[in-house]
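Structural characterization, general
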Amino acid sequence: MFLSNVTVFMPPVLTLIGIPGLESVQCWIGIPFCVMYIMAMIGNSLLLFIIKSEPSLHEPMYILIGMLGVTDIALASSIMPKMLGIFWFCVSEIYFDSCLLQMWLIHTFQCTESGILLAMALDRYVAICYPLRHATIFTHKLVVQLGTVVILRAAILVAPCLILIKYRLQFYHTTIISHTYCEHMAIVKLAAGNTRVNKIYGLFVAFTVTGFDLTFITFSYSQIFVTVFHLPQKEARLKAFNTCIAHIFVFLQLYLLAFFSFFTHRFGSHIPTYIHILFSSMYLLVPPFLNPLVYGIKTKQIRTNVVKMCCLSNSP
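Residues numbered from 1 in each chain as written. Predicted model: local features only at pLDDT ≥ 70, side-chain atom pairs only at ≥ 80, totals over all residues. Heavy atoms only, no water.

Per an unreviewed UniProt entry, the protein chain is named Olfactory receptor, and its organism is Sciurus carolinensis. Listed under Sequence similarities (unreviewed entry) in UniProt, the entry text for the protein chain is "Belongs to the G-protein coupled receptor 1 family." Per UniProt, the protein chain has the following entry under Function (unreviewed entry): "Odorant receptor." (UniProt positions renumbered as here; feature names shortened; annotations may be inferred.)

1. As for the sheet that holds strand E2 (residues 13-16)
Taking strand neighbours across the sheet as the criterion, the three strands line up as E3-E2-E5 in an open arrangement whose pairing is mixed. A single partner strand is all that each edge strand has here, and the edge strands are strand E3 (93-95) and strand E5 (176-177). Where E2 lies against E3, three bridges are found, and the strand directions are antiparallel. Across the sheet, Val 13 pairs through a bridge with Tyr 95, a residue of E3. (Pairing = 2+ DSSP bridges. Helix = DSSP H or I, 4+ residues; strand = E, 2+ residues; numbered from the N terminus.)

2. Notes on the environment of Met 309
Mapped onto the fold, Met 309 is located in helix H10 (residues 300-314). Judged by its relative accessible area of 27%, Met 309 falls in the partly exposed class. (Buried < 20%, exposed > 50% of the residue type's maximum accessible area, 1.4 Å probe, protein only.)

3. Things to note about the packing of helix H3 (residues 96-129) against helix H5 (residues 140-168)
Packing of H3 against H5 brings their axes to within 8 Å, and their N-to-C directions diverge by 150°. In terms of orientation, H3 and H5 fall into the roughly antiparallel class. The way H3 lies across H5 gives a crossing that is right-handed. Here Phe 96, Asp 97, Leu 100, Met 103, Trp 104, His 107, Thr 108, Cys 111, Thr 112, Gly 115, Ile 116 and Ala 119 of H3 come into contact with H5, specifically with Leu 146, Val 150, Ile 151, Arg 153, Ala 154, Ala 155, Val 158, Ala 159, Cys 161, Leu 162, Ile 165 and Lys 166. Within the contact of H3 with H5, the residues separate by chemical class into 17 nonpolar, four polar and three charged. (Axes fitted to C-alpha atoms, helices over the stretch in contact; angles between N-to-C directions. Parallel < 35°, antiparallel > 145°, perpendicular 65-115°, else oblique. Left-handed = near helix turned anticlockwise from the far one by under 90°. Contact = heavy atoms within 4.5 Å. Nonpolar A, V, L, I, M, F, W, Y, C, P; charged D, E, K, R; others polar.)

4. Section: the nonpolar core
Ranked by size, the top nonpolar core spans 90 residues in total, and within it Ile 65, Ile 165 and Ile 177 carry the most contacts. For Ile 165, the contacting residues outside a window of four places in its chain are Phe 96, Leu 100, Met 103, Tyr 172, His 184, Ile 187, Val 188 and Asn 198. (Core = buried A, V, L, I, M, F, W, Y, C linked by side-chain atoms within 4.5 Å.)

Given below as structure tokens:
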């Protein structure tokens with residue numbers, strides 16, 4: 001990124017250039033991204049409709065899956081309209097405050113998604129390790145409380161990132177962001193002043209959320225595996241393990257993409273910029289696209305209701 005000696009005071013408008021080095025083919029790159037976005041909207045909406053309309057799915061595990069679906073829709077919708085505007089219509093300008101709002105929404109939904117995966121892991125831990133107490137521990141009231149805490153934690157932790165940029169960084173070397181969306185470090189790197197506090201707080205949020213959630217998710221599934229392998233019957237082991245496969249897959253694909261994006265952005269100076277930008281964009285879009293497919297295929301109750309709905313729609 002080119003940095004000039006002239007600084008700009010509180011620029012009213014920033015420019016998102018999309019994927020540096022691939023500007024000439026961005027219109028084609030937008031096609032698979034748009035397809036994934038449409039499929040994510042359809043898949044998650046269908047998932048939410050099935051969970052809402054089927055009384056047998058009004059249980060903690062499926063309510064949490066529904067929360068994840070809502071988060072996925074919100075996360076994808078916070079980046080894709082602007083991204084496709086850049087790719088297809090060259091609408092690259094964005095108001096500074098709108099950019100900060102997009103940044104806050106993206107990182108808030110990311111933290112929320114991580115918190116929901118933690119709640120899912122705890123739900124499976126109690127259901128498999130303490131099955132007789134699951135109904136009394138994981139009540140609908142507790143699920144609502146967990147959801148509220150997860151959302152508030154995300155919103156409160158991310159908010160200072162926005163405030164530190166808005167009121168601490170007032171001079172900028174450039175107004176051009178080499179990215180497809182407004183990301184915290186991408187904005188901070190534009191600043192002409194001392195950005196150490198912003199970088200430290202960004203790392204604090206990342207490691208606090210990821211470290212806390214990852215520790216308890218890993219603990220929960222490790223205890224689940226120990227319990228499952230000690231079950232006397234093979235059928236019982238397979239049944240218990242199958243209830244966790246979808247959650248484990250979603251957990252792995254989210255965190256593997258997240259770690260790759262995080263470390264390449266901060267330490268991968270030898271990696272071409274367009275590779276990082278592509279993976280950063282995929283990191284936000286692939287989970288909303290894959291999650292409804294994973295839960296639709298691997299969760300028997302949801303799969304059965306999808307088949308039932310298709311049969312009813314095809315019947316005369």
